[in-house]
Amino acid sequence: MSENNILPVILAGGKSRRFGGDKSVARLGGKILIDHTIDKLKQNYSEILVVTNSNAQVTKKNVFFVKDVISGQLGPLVGILSAMEWVISNNKNYQWIISFPCDTPFFEFENIKVIIESQKNSNKKLFFLKSGQKRHNIFGLWSIQLKDQLRKDIEHGSRKVEDWANKIGAEIKEINNESEKSFLNINTKLDLEEAQKKIK
């Protein structure tokens, strides 16, 4: 597998209830939150897909937007399915998608390479990162071949990424995460204030 076969997907379709508004466009260090992830991914990929149910969309070359293919904001699994179906319907050649949250701006791409490299020596179709005792279920590498099974299971009520991944049989790659802020997740305004301190 080469990285040309991978489409990076940013999941930004959540309701942001705890934040009190669309956190993907909240400002952090002089730019909106989602741009931190987009700008980092543009260093490694020629195209990026954002799954969002918001009308607030940035305009950047080769950054595409799609809404959930199943309405109701049913969670990240629907976002993954939406990305897979976008690949198929647009006749893209990607065999994998690699997913990122829109609200974890300090992730290190070196960590992401761990799951990309792992796929080369594995027959698994799903990979996630783990640091310490925490599994990072949104930072995942997903084979497009999972699409039909994923849609079927969502239609039968599957909602939690970890439960579905355990059923499918995911490979979990543990990393030694030396940076405490790498997986800082911005869910609330207080989290955003903490991120502002770290970005300085």
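Keep in mind that this is a model prediction, so the values were computed, not measured. (Residues numbered from 1 in each chain as written. Predicted model: local features only at pLDDT ≥ 70, side-chain atom pairs only at ≥ 80, totals over all residues. Heavy atoms only, no water.)

### Examining the overall build of the protein chain
Stage number 1. Each helix and strand counted, the protein chain has 6 helices and 9 strands in total.
Stage number 2. The C-alpha radius of gyration of the protein chain comes to 16 Å, within 12% of the 16 Å expected for a compact globule of 200 residues.
Stage number 3. Expressed as lengths along the three principal axes of its C-alpha atoms, the size of the protein chain is roughly 40 × 35 × 35 Å.
Stage number 4. A buried classification covers 48% of the 200 residues belonging to the protein chain.
Stage number 5. Expressed as a percentage of contacts within the protein chain between residues at least 6 apart in sequence, the contacts between residues at least 24 apart total 68%.
Stage number 6. With an accessible surface of roughly 10,000 Å², the protein chain has 43% of that area assigned to carbon and sulfur atoms. (Helix = DSSP H or I, 4+ residues; strand = E, 2+ residues; numbered from the N terminus. Rg over C-alpha atoms; globule rule 2.2 N^0.38 Å. Buried < 20%, exposed > 50% of the residue type's maximum accessible area, 1.4 Å probe, protein only. Contact = heavy atoms within 4.5 Å. Areas by Shrake-Rupley, 256 points an atom, 1.4 Å probe, with all protein chains shown as cover.)

### Looking at the nonpolar core
Considering soluble globular proteins, one finds that nonpolar side chains tend to be buried as a cluster.
Stage number 1. Counting 27 residues, the largest nonpolar core has L7, V9, M84, I97, W142 and L150 as its most contacted members.
Stage number 2. The element contributing the most residues to this core is helix α2 (residues 76-89), with 8 residues.
Stage number 3. Grouped together as the second largest cluster of nonpolar side chains are 26 residues, I6, A12, I34 and F139 included. (Core = buried A, V, L, I, M, F, W, Y, C linked by side-chain atoms within 4.5 Å.)

### A short note on the environment of I116
Stage number 1. For I116, the position within the fold is in helix α3 (residues 109-119).
Stage number 2. Among the residues examined, I116 registers a relative accessible area of 2% and is labelled buried.
Stage number 3. Along the sequence, I116 and F128 sit 12 residues apart, while their C-alpha atoms lie 9.9 Å from each other.

### Section: the pattern of salt bridges
Stage number 1. The full count for this structure, using the stated rule, is 9 salt bridges.
Stage number 2. Two residues, K92 and E47, come together in a salt bridge whose shortest N-O distance is 3.0 Å. Residue K92 is located in the loop between α2 and β6 (96-101), and its partner E47 is located in the loop between α1 (33-42) and β4 (48-51); the two are separated by 45 residues in the primary sequence.
Stage number 3. A relative accessible area of 15% means that E47 is categorised as buried.
Stage number 4. With a shortest N-O distance of 3.4 Å, E110 and K113 are connected by a salt bridge. (Salt bridge = Lys/Arg side-chain N within 4 Å of Asp/Glu carboxyl O.)

### Here's the deal with the environment of K113
Stage number 1. Within the fold, K113 resides in helix α3.
Stage number 2. Of the residues examined, K113 reaches a relative accessible area of 31% and is grouped as partly exposed.
Stage number 3. Within the local environment of K113, its side chain forms a polar contact with the side chain of E110, the two groups lying 3.4 Å apart. (Polar contact = N/O pair within 3.5 Å; in protein donor to acceptor, adjacent residues only side chain to side chain.)

### A few points about the packing of aromatic side chains
Stage number 1. Tallying each qualifying case throughout the model produces 9 aromatic pairs.
Stage number 2. Here Y45 and F109 contribute two aromatic rings whose centre-to-centre distance is 6.0 Å and whose plane-to-plane angle is 65°, an arrangement assigned as edge-to-face. Of the two residues, Y45 sits in the loop between α1 and β4 while F109 sits in helix α3, which places them 64 residues apart along the sequence. Each member of the pair, Y45 as well as F109, is classed as buried. (Phe/Tyr/Trp six-rings, centres within 6.5 Å; stacked < 30°, edge-to-face > 60°.)

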